[in-house]
Amino acid sequence: MIDVTVIGGGIVGLATALKIKQQRPMFSVVVLEKEGQVAAHQTGHNSGVIHSGLYYKPGSLKAINCIEGYRMLLDFCDQENVPYDLCGKIVVATKPDEVGQLDTLFERGQQNGLGGLRRISTSEMREIEPHVSGVSGIFVPQTGIIDYTQVTKAYARKFRELGGELHLGERVEQITVGTSLSVVVTDKSRYETKLVVNCAGLQSDKIAQLTQREPIDLQIIPFRGEYFKLKPEKQYLVKNLIYPVPDPKFPFLGVHFTRMIHGGVEAGPNAVLAFKREGYKKSDVNLREFYETLAWPGFQKVALKYWQMGLGEMYRSFSKPAFTKALQELIPAIQEDDLIEGGAGVRAQACDRTGGLLDDFSIIETDRAINVCNAPSPAATSSLSIGKAVAEKVLARF
C-alpha cells in the first residue's frame, strides 16, 4: 500500500513529491512518469526564464506562487549548485498605445513587491540593450535564466535520497477509485494507493477524468510555441532578455528574445494550435486528439472569437519573413538571414466549456485525488511553491 502516488515526472510533479517527502519522511511516495526521463515535455521545452512575478494579478495563485517560488527556487539552486543567472530583462512598449498597459504592468510589479523595478526611457533602454527600439520600458532586475531540466533532475535526486520512488517509462492507463484506496494501473504494473496526485501536464485533464465519474469542466488545448535562434555572429544584438508588452486578452507573453543559460539567444515563441498533445513539429498529428480539441465547446468559442489572431499566428508559423517582422518591432536590425530554426514547446492551456482560457492555476480535488489541471507559466519558477501548496493539501487528507 502506497500513501501517495504522483502522476507526472515534470518539474511540478517532482517538486510536489519532494515537498511531501520533506514534510513526511515516513510516507511512501511513488512518482510515475510515462517517458524514459524526467522533464520530457513542458519542463524540458521551455525557454528557461526565471520569472519575477511582474505580469500576474496581485493576490492570484500565479502571483503568490511565483513570488514565493522564486525565492524557494534560488535557495534550492544555491544549496544544490544548480547554475542560474539573474541577468534582468526589459519589457518594451514599441508603440505609444502600449504605454498604458506598460503602466499597469509596472503597478502590478510594485504591488507584487518587486524591489528595484524601474521605468526607463528610450535612451535608458539602449544603455541596457543597445539595439532595441521602443518608446518606453520597464527594467526588471529579478528576472533570470536557468536550465529547468537540470533543476528537475536535482529535485528527483533529492526525492530519491529521501526514500521516494521514481518509476520511468510507466504510462497510467486506468485508475479505479475505491472508498479507502485507489488502484492505479500502468502498462507495466499496478499500485494500490491512498491518494493520487495528478501533475500530468499535457495529459492532466485525461488523468483527472480517470479519477472521477462526472465529466470535468475543462480540457487541455495544446498550443505549440516555435522558436528561432540567432546566428552566432548576430548574438551581439541581444545582451540578455527583451520582452514586448503582452496582450492582456491572451495568456501568452508574445515573441521575445532570451539569452540561454548554456549560450545562444532564442527568439520567439509564437502560439499556434498543435494537432497533437505532444506535437513539437508542424507535421505531428494525432487525429483523435485533434478531433477532441475541435469538438470541445470551449475551443469552438475561442476559435470563433479569436480566429483572426489564430490565423495570424499560423501564418507566422509558416512564414519566416512574417516571424522576422514581428521580431523587428523590438530589434529593427534583425534580418531574416539572422535566424536559424530552433526548438519548440507545447503549452498545456486549460480551456473551460464557456471558452475561457484559464489564466490562473487550477486544482480539482476529489475524495481520492488532487488534480493539478492548469499549471502554465510561471509554473517552473513557481514549482516548489506549487509543490508545497499541493503537499499541504495532501497532508490535510491524512
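Up top is the structure these notes are about.
As the structure is a computational prediction, the values presented were derived from the model and not from experiment.

Draft legend 1. Focus on the packing of helix H2 (residues 61-80) against helix H5 (residues 148-161). Taken N-terminus to C-terminus, the directions of H2 and H5 make an angle of 70°; their axes are 11 Å apart at the nearest point. Considered as vectors, H2 and H5 are oriented roughly perpendicular to each other. Here Leu73, Phe76, Cys77 and Glu80 of H2 come into contact with H5, specifically with Tyr148, Val151, Ala154, Tyr155, Arg157 and Lys158. In terms of residue class, the contact of H2 with H5 is made up of seven nonpolar, no polar and three charged.

Draft legend 2. Local environment of the environment of Cys87. The residue Cys87 is located in the loop between strand S4 (84-85) and strand S5 (89-93) in this model. Through-space distance from the C-alpha of Cys87 to that of Gln142 is 7.7 Å; in sequence the pair is 55 residues apart. With sequence-adjacent residues up to four places away left out, Cys87 is seen in contact with Thr143, Gly144, Ile145, Asn240, Leu241 and Arg259.

Draft legend 3. Region of the structure containing the environment of Ser377. Its place among the elements puts Ser377 in the loop between strand S20 (369-374) and helix H10 (379-396). For the pair Ser377 and Gln42, spaced 335 residues apart in the sequence, the C-alpha separation amounts to 9.8 Å.

Draft legend 4. Looking closely at the pattern of salt bridges. On inspection of all chains with the given rule, the structure shows 24 salt bridges. Its salt-bridge partner being Lys95, residue Glu98 comes within 3.4 Å of it at the nearest N-O pair. Judged by its relative accessible area of 16%, Glu98 is buried. The partner of Glu289 in a salt bridge is Lys206, with the nearest N and O atoms 4.0 Å apart. One end of the pair, Glu289, is in helix H7 (residues 287-295); the other, Lys206, is in helix H6 (residues 204-210), with 83 residues separating them in the sequence. Among the residues examined, Glu289 registers a relative accessible area of 10% and is labelled buried. Each of the salt bridges in this network shares a partner with another, and the network as a whole consists of Glu80, Arg157, Lys158 and Glu161.

Draft legend 5. How the structure looks around the nonpolar core. In this structure, Val151 and Tyr155 are the most contacted members of the largest nonpolar core, which totals 44 residues. Elements represented by at least two residues in this core include exactly strand S1 (2-7), helix H1 (11-23), strand S2 (29-33), H2, H5, strand S12 (190-198), S20 and H10. With eight residues, H10 is the single largest residue contributor to this core. Those residues in contact with Val151 that lie beyond four places of it in its chain are Ile11, Leu73, Phe76, Cys77, Val82 and Ile146.

Draft legend 6. Representation of the packing of aromatic side chains within the structure. Under the defined criterion, the tally for this structure stands at five aromatic pairs. Ring centres of Phe76 and Tyr155 lie 4.9 Å apart, and the angle between their planes is 75°; this geometry places the pair in the edge-to-face category. With Phe76 in helix H2 and Tyr155 in helix H5, this residue pair connects regions lying 79 residues apart in the sequence. By relative accessible area, which is 7% here, Phe76 ends up buried. Note on Phe275 and Phe290: the rings are 4.7 Å apart at their centroids and 55° apart in plane angle, and the pair reads as tilted.

Draft legend 7. Summary view of the sheet that holds S4. Here we have three strands laid out as an open sheet, ordered S3-S8-S4, and antiparallel in their pairing. Sheet topology places strand S3 (49-50) and S4 at the edges, where each strand pairs with a single neighbour. Note that S3 and strand S8 (residues 144-146) share two bridges and pair antiparallel. Across the sheet, the residue bridging to Val49 is Ile145, located in S8.

Procedures and definitions
- Residues numbered from 1 in each chain as written.
- Predicted model: local features only at pLDDT ≥ 70, side-chain atom pairs only at ≥ 80, totals over all residues.
- Heavy atoms only, no water.
- Axes fitted to C-alpha atoms, helices over the stretch in contact; angles between N-to-C directions.
- Helix = DSSP H or I, 4+ residues; strand = E, 2+ residues; numbered from the N terminus.
- Parallel < 35°, antiparallel > 145°, perpendicular 65-115°, else oblique.
- Contact = heavy atoms within 4.5 Å.
- Nonpolar A, V, L, I, M, F, W, Y, C, P; charged D, E, K, R; others polar.
- Salt bridge = Lys/Arg side-chain N within 4 Å of Asp/Glu carboxyl O.
- Buried < 20%, exposed > 50% of the residue type's maximum accessible area, 1.4 Å probe, protein only.
- Core = buried A, V, L, I, M, F, W, Y, C linked by side-chain atoms within 4.5 Å.
- Phe/Tyr/Trp six-rings, centres within 6.5 Å; stacked < 30°, edge-to-face > 60°.
- Pairing = 2+ DSSP bridges.

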